[in-house]
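Inside the fold
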Amino acid sequence: MAVTAKKITDLETREDAMKVIEGVYLKEKKWIDNPEKEIPENTINSDRFSWFITYVNDKPAGLIRLAYDPSLTFPPELKVTLKKDIDLEKMAAQCKIVEIGRFMILPEYRRNILIALRLMKIAISEVVERDYTHFLTDVFENEPNSPFRFHTKILGFEVIGTHVHGELNCSCTRIILTLDILKAYQKLKKRKNKFSKMLVSGIESILEKKLAKKMAKKVKPSS
């Protein structure tokens, strides 16, 4: 079974993505009523968004969206509750953030963890190359197909809060997660398993340079 991933850069690939959106968000979850609104044509090749799709034996299987420099000012109607030690203003000032959204995999392919890994690998590669430092996302609490465990146990995302309402028509509470990419990379290096190696394959040298630069800043000059 061949699992591949690519960036969506044309209308033909967008049509493949629509099949995933219709299969998961429209037919299965019923979270939306118009799939066309999920991936507008003007978000393809945009500096603000990146869409990635996975294929299993050339058939569309999974999808993910990245939104660069999202606002960290949450509207009151979302009913956001953050952990006491979370300072969004400080985070916005010190971090370059990318929001992960629309992370979905068709039901028939969900048992194949390679699909999720391929999506995250291609997303991480682009984010690191564009010099962003953190991921931000939210997942549904108690939703049967929530990627919460994948995000927290395998990738290292950390919970920073919750919110009650959002864009999608789902009554579940949203759990807000964030990931420090370099911190996650350090943990992945220690694991030394095939999944960890796959996620950072091809970008180790960039990550090592960023990590060395970060560590150098922490070293105080001797008096």
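Everything in this summary refers to the structure shown in the same document. (Residues numbered from 1 in each chain as written. Predicted model: local features only at pLDDT ≥ 70, side-chain atom pairs only at ≥ 80, totals over all residues. Heavy atoms only, no water.)

**Considering the pattern of salt bridges**
Pairing is possible between side chains that carry opposite charge, provided their charged atoms lie close to one another. Within the structure shown, the criterion is met by 14 salt bridges. Among the ionic pairs, Lys-19 bridges to Asp-16, the shortest N-O distance being 3.8 Å. A residue pair is termed a helical-turn pair when its members lie 3 or 4 positions apart in one helix, as Lys-19 and Asp-16 do in helix 1 (residues 11-28) at three residues. With a shortest N-O distance of 2.6 Å, Glu-28 and Arg-110 are connected by a salt bridge. With Glu-28 in helix 1 and Arg-110 in the loop between strand 5 (97-105) and helix 3 (113-129), this residue pair connects regions lying 82 residues apart in the sequence. (Salt bridge = Lys/Arg side-chain N within 4 Å of Asp/Glu carboxyl O. Helix = DSSP H or I, 4+ residues; strand = E, 2+ residues; numbered from the N terminus.)

**Thoughts on the environment of Leu-211**
Secondary-structure assignment places Leu-211 in helix 7 (residues 204-218). Judged by its relative accessible area of 7%, Leu-211 falls in the buried class. With near-sequence residues (within four places) excluded, Leu-211 lies in contact with Leu-182, Tyr-185, Gln-186 and Lys-189. (Buried < 20%, exposed > 50% of the residue type's maximum accessible area, 1.4 Å probe, protein only. Contact = heavy atoms within 4.5 Å.)

**Looking at the packing of helix 5 (residues 181-191) against helix 7**
Two measures define how a pair of helices packs: the angle their axes make with one another and the distance between the axes. Relative to each other, helix 5 and helix 7 sit at 115 degrees, their axes nearing to 10 Å. It follows from the interaxial angle that helix 5 and helix 7 lie roughly perpendicular. The element helix 5 and its partner helix 7 pack so that their crossing is left-handed. Where helix 5 approaches helix 7, its residues Ile-181, Leu-182, Tyr-185, Gln-186 and Lys-189 are matched on the opposing element by Glu-204, Leu-207, Glu-208, Lys-210, Leu-211 and Lys-214. Across the contact of helix 5 with helix 7, the residue classes tally to five nonpolar, one polar and five charged. (Axes fitted to C-alpha atoms, helices over the stretch in contact; angles between N-to-C directions. Parallel < 35°, antiparallel > 145°, perpendicular 65-115°, else oblique. Left-handed = near helix turned anticlockwise from the far one by under 90°. Nonpolar A, V, L, I, M, F, W, Y, C, P; charged D, E, K, R; others polar.)

**Notes on the pairing of strand 7 (residues 158-163)**
Relative to strand 7, strand 4 (residues 80-82) runs antiparallel, the two sharing three bridges. Paired with Val-80 across the strands is His-163, a residue of strand 7. Direction of pairing for strand 7 relative to strand 8 (residues 174-180): antiparallel, over a ladder of five bridges. The partner of Gly-161 across the bridge, within strand 8, is Ile-176. (Pairing = 2+ DSSP bridges.)

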